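Here is what each chain is made of, one letter per residue.
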Amino acid sequence: MRGRVPLAVAAAVALMLVFLPGADGAPAHPPQAVQTVPKSVVRAADEALPTVTVVATGGTMAGLSDTPTSFQRYRAGTLLMEDMLAEVPNLDEVANVNSLQFGNKGSGGYTIAELYDLSLAVDNALKTSDGVVVTTGTDTMEEIGYFLDLTVQSPKPVVITGAMRPWTVIGSDAQANLFNAIVTAASGKTAWFGTVLMLNDEIHAVRDVTKTSSYRMDTFQTPELGILGYVDDLKVRIMRMPARALRVFETRGSVVTTANALRNWRTPFDLTTIDKAELPRVEIFYNAQEAGGEAIDAWAAAGVEGIVTAGTGAGGISGAASQARNRAVQAGVMFASTTRTGSGSVYGGSGAVFPADSLNAQHARLLLMMALAFNDGVEEVRADFIEWASLQADITSALPSLRTS
């Protein structure tokens, strides 16, 4: 990188140029067009190494800080992934690395329609890559990751990552997280896992992980179940498999083949079969002591098709909210029941009220959205929702010699 202008300096200059008004008061440089074709950034030293495409969406990782020590004062989604990758050392020892700049903003700024496009972009990148890394902001990373987990059709590794500190501050976690996410994807060890999250050297199943702190770098935790594994230097250590991967071995009376594995592994939520406009609106109601039901009534009147309740204990909601839920069900709204406790499962429910098992409210919202979009009628929606909410694995049929009498 001898002779290269440091990224922090170049970005600061670029940021000033972007916001320098032209004669008409508009920015001198319009926003960059969405990139559709991956660009080769790093060529591996060994041509036998895998190819990983980094699909960048912005977030804190791509943030430009006010000063080298302003950990919380920065502009997210400023730096370009192509330039960031060029500053990460030793990537040529890991993989051929391509960059696809899908977008550049905070994670909370993305619409569901944009996530639809992101999922298709990831699947398209996996046609020519051995794995994909998606970089995004951490605020809604668990939701973006779970949307991908539910909809990406390829079983190749998909790793989502980001940072709690912007690229340009001292002690940033951005460079290490980006490097280790590429290492994880290139290893191939999370194939068939669905989308996994890699931050702070830890690998989590995105279905189960949640953000637990606004600032700490170990913010992502998987309640009760714990991490899948971790990254130490170039070593990717997998200590357990998620149920999604174990379903690959469920033979259901037939031999384990790639076709049968895909049948067991894939969700029914193939976005190529629907238009993004068909993804319905789903909201979250957070229960509290003597909570009113006006929000549920208003959402039902506004045409919301699904509502997730984050209830107390094992999913309970107040009397007023329960009455509003009954009215909404009569109007055709379907519900998913979760707990606000942070861990544990919710069971029971009947009719248009579905138990979300161990999914938290933000994950259940996305699953309910998919089940509504791909099905007609309460029973069909309920069947798909419950199957993927209570995701489990039973591989005893693949291991007949280990069956007990």
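Nothing here was measured: the structure is a model prediction, and the numbers come from that model.

Rules used in this analysis
- Residues numbered from 1 in each chain as written.
- Predicted model: local features only at pLDDT ≥ 70, side-chain atom pairs only at ≥ 80, totals over all residues.
- Heavy atoms only, no water.
- Helix = DSSP H or I, 4+ residues; strand = E, 2+ residues; numbered from the N terminus.
- Buried < 20%, exposed > 50% of the residue type's maximum accessible area, 1.4 Å probe, protein only.
- Contact = heavy atoms within 4.5 Å.
- Areas by Shrake-Rupley, 256 points an atom, 1.4 Å probe, with all protein chains shown as cover.
- Pairing = 2+ DSSP bridges.
- Axes fitted to C-alpha atoms, helices over the stretch in contact; angles between N-to-C directions.
- UniProt positions renumbered as here; feature names shortened; annotations may be inferred.
- Core = buried A, V, L, I, M, F, W, Y, C linked by side-chain atoms within 4.5 Å.
- Domains from an automatic or database assignment.
- Phe/Tyr/Trp six-rings, centres within 6.5 Å; stacked < 30°, edge-to-face > 60°.
- Lys NZ or Arg CZ within 6 Å of the ring centre and 35° of its normal.

*Asks:* Got a minute to help me understand the overall build of the protein in this structure?
*Replies:* Looking only at helices and strands, one finds eleven helices and 17 strands in the protein. Sorting the 405 residues of the protein into buried and exposed places 49% on the buried side. The long-range fraction of contacts in the protein, counting pairs at least 24 apart against all pairs at least 6 apart in sequence, stands at 71%. As presented, the protein carries roughly 18,200 Å² of accessible surface, and 53% of it is formed by carbon and sulfur atoms.

*Asks:* Whenever I open this one, the environment of Gly313 confuses me. Can you help?
*Replies:* Looking at where Gly313 falls in the secondary structure, it is placed in the loop between β15 (306–311) and α9 (319–330). Taking the C-alpha atoms as reference, Gly313 lies 9.9 Å from Gly342; in sequence the two are 29 residues apart. Those residues in contact with Gly313 that lie beyond four places of it in its chain are Thr339 and Thr341.

*Asks:* For this particular structure, what's the right way to read the pairing of strand β2 (residues 51–58)?
*Replies:* Along any regular strand the residues' side chains alternate between the sheet's two faces. Most of β2 is tucked away, with eight of its eight residues classed as buried. Pairing of β2 with strand β5 (residues 96–105), which is carried by seven bridges, proceeds in the parallel orientation. Bridged to Gly58 within β5 is Lys105. Of the pairings in the sheet, the one linking β2 to strand β6 (residues 131–135) comprises five bridges and is parallel in character. Of the residues in β6, the one forming a bridge with Thr53 is Val132.

*Asks:* How do you make sense of the sheet that holds strand β16 (residues 334–339) when you look at a structure like this?
*Replies:* Within a sheet, adjacent strands bond to each other through the backbone by hydrogen bonds, running parallel or antiparallel. Read from one edge to the other, the open sheet built from four strands follows the order β14-β15-β16-β17, with strand pairing classed as parallel. The open sheet has two free edges, formed respectively by β14 (282–286) and β17 (353–355), since each of these has just one partner strand. Geometrically, the sheet is characterised by an average inter-axis angle of 25 degrees between neighbouring strands, direction not taken into account. Relative to β17, β16 runs parallel, the two being bridged by three bridges. In the strand pairing of β17, Ser337 is matched with Pro355. Each of β14, β15, β16 and β17 is contacted by α9, which is oriented at about 150 degrees to β16, the strand it contacts most.

*Asks:* In this structure, what is going on with unusual backbone geometry? I would like to understand it.
*Replies:* Generally, phi is negative for residues other than glycine and the peptide bonds are trans, each holding for most cases. Of note, the phi angle at Asn90 is positive, near 65 degrees, even though the residue is not glycine. Mapped onto the elements of the fold, Asn90 is located in the loop between α2 (81–86) and β5. Residue Asn90 is classed as partly exposed on the basis of its relative accessible area of 45%. Located in the positive-phi region is Glu290, a residue other than glycine, with phi close to 55 degrees.

*Asks:* Hey, could you run me through the sheet that holds strand β1 (residues 39–42) in this one?
*Replies:* Pairing in this open sheet of nine strands is mixed, and the strands run β1-β5-β2-β6-β7-β8-β9-β12-β13 from one edge to the other. Bordering the open sheet on either side are β1 and β13 (235–238), each of which pairs with just one other strand. If you compare each strand with its neighbour and ignore which way they point, the axes differ by 30 degrees on average. Direction of pairing for strand β9 (residues 202–205) relative to strand β12 (residues 229–232): antiparallel, over a ladder of two bridges. Among the inter-strand pairings, Ile203 is bridged to a residue of β12, identified as Gly229.

*Asks:* How do you make sense of the UniProt feature "active site" (unreviewed entry) in the protein when you look at a structure like this?
*Replies:* On the UniProt side, "active site" (unreviewed entry) is annotated at positions that read Thr60 here. Apart from residues no more than four positions distant in its own chain, Thr60 is found in contact with Tyr74, Ala76, Gly137, Ala163, Met164, Arg165, Pro166 and Trp167.

*Asks:* What should I look at first to understand the nonpolar core in this one?
*Replies:* It is characteristic of soluble globular proteins that their nonpolar side chains tend to be buried jointly. Among the nonpolar cores identified, the biggest contains 55 residues, and Leu118, Val122, Val134, Leu367, Leu368 and Phe385 are the most heavily contacted of them. With ten residues, the top contributor of residues to this core is helix α10 (residues 361–374). Two domains each put at least three residues into this core: domain 1 (40–262) and domain 2 (281–390). If sequence neighbours within four positions are ignored, Leu118 has contacts with Val55, Thr57, Phe102, Val134, Ile144 and Leu148. With 37 residues, the next largest nonpolar core counts Val42, Val88, Val97 and Leu228 among its residues.

*Asks:* Please explain the packing of aromatic side chains as it appears in this structure.
*Replies:* Each aromatic ring pair is specified by the distance between its two centres and by the angle formed by the two planes. The full count for this structure, using the stated rule, is four aromatic pairs. Between Phe102 and Tyr110, the ring centres sit 6.3 Å apart and the planes meet at 35 degrees, which makes this aromatic pair tilted. Assigned by exposure class, Phe102 and Tyr110 land together as buried. Positioned above the aromatic ring of Tyr110, the side-chain terminus of Lys105 is 4.6 Å from the ring centre. The cationic tip of Arg244 hangs over the ring face of Trp265; the distance from NZ or CZ to the ring centre is 4.0 Å.

*Asks:* Honestly, the side chain of Thr53 in this entry has me stumped. Any pointers?
*Replies:* If you trace the backbone, Thr53 turns up in strand β2. Contacts of Thr53, omitting those with residues within four sequence positions, involve Pro38, Asn98, Leu100, Ala125, Ser129, Gly131, Val132 and Val133.

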